[in-house]
Amino acid sequence: MKATLNMQVSAHHGSCSVGGMFINETFLNGKVIKVNAKSIRVELSEEICTCNGKEKSRRAINQTETFRFWKTLSDGKDAFIAYIGCYSYIIRL
């Protein structure tokens with residue numbers, strides 16, 4: 001799927017993987033505001049933190065980040081990556 005304007009997306013960061021399941025995860029929800037050939041700009045509006053699959057916190061954020069094209073996955077989806085703070089977040093489209 002290709003990115004389009006106003007498309008709702010979710011960026012993901014996970015740590016402490018145990019058997020394919022992440023212990024700590026962070027999801028950033030937002031919408032695409034600009035599409036370029038090799039990058040997308042996303043207006044982030046919400047951050048959700050989970051631990052062992054249970055929601056720990058949810059907060060509103062107002063942040064714009066650029067995600068650059070990383071690679072095409074084996075299932076045909078495109079992956080975009082951004083480094084926010086010291087963590088990498090991935091969007092799969």
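Below, the structure is looked at part by part. As the structure is a computational prediction, the values presented were derived from the model and not from experiment. (Residues numbered from 1 in each chain as written. Predicted model: local features only at pLDDT ≥ 70, side-chain atom pairs only at ≥ 80, totals over all residues. Heavy atoms only, no water.)

**Description of the overall build of the protein**
Along the protein, the regular secondary structure elements total zero helices and six strands. Along the protein, from the amino end to the carboxyl end, the secondary structure elements read β-β-β-β-β-β. Projected onto its principal axes, the C-alpha positions of the protein cover 35 × 30 × 20 Å. Looking at the 93 residues of the protein, the share that counts as buried comes to 35%. Counting only contacts in the protein whose residues sit at least 6 apart along the sequence, the fraction spanning at least 24 positions is 34%. (Helix = DSSP H or I, 4+ residues; strand = E, 2+ residues; numbered from the N terminus. Buried < 20%, exposed > 50% of the residue type's maximum accessible area, 1.4 Å probe, protein only. Contact = heavy atoms within 4.5 Å.)

**Regarding the packing of aromatic side chains**
Following the criterion strictly, the structure yields one aromatic pair and no others. Ring centres of F69 and F80 lie 5.8 Å apart, and the angle between their planes is 80°; this geometry places the pair in the edge-to-face category. Taken as a pair, F69 in strand β4 (residues 54-72) and F80 in strand β5 (residues 78-84) lie far apart in primary sequence, eleven residues in all. On the basis of relative accessibility, which here comes to 8%, the residue F80 falls in the buried class. Sitting over the ring of W70, K71 keeps its end group 4.7 Å from the ring centre. (Phe/Tyr/Trp six-rings, centres within 6.5 Å; stacked < 30°, edge-to-face > 60°. Lys NZ or Arg CZ within 6 Å of the ring centre and 35° of its normal.)

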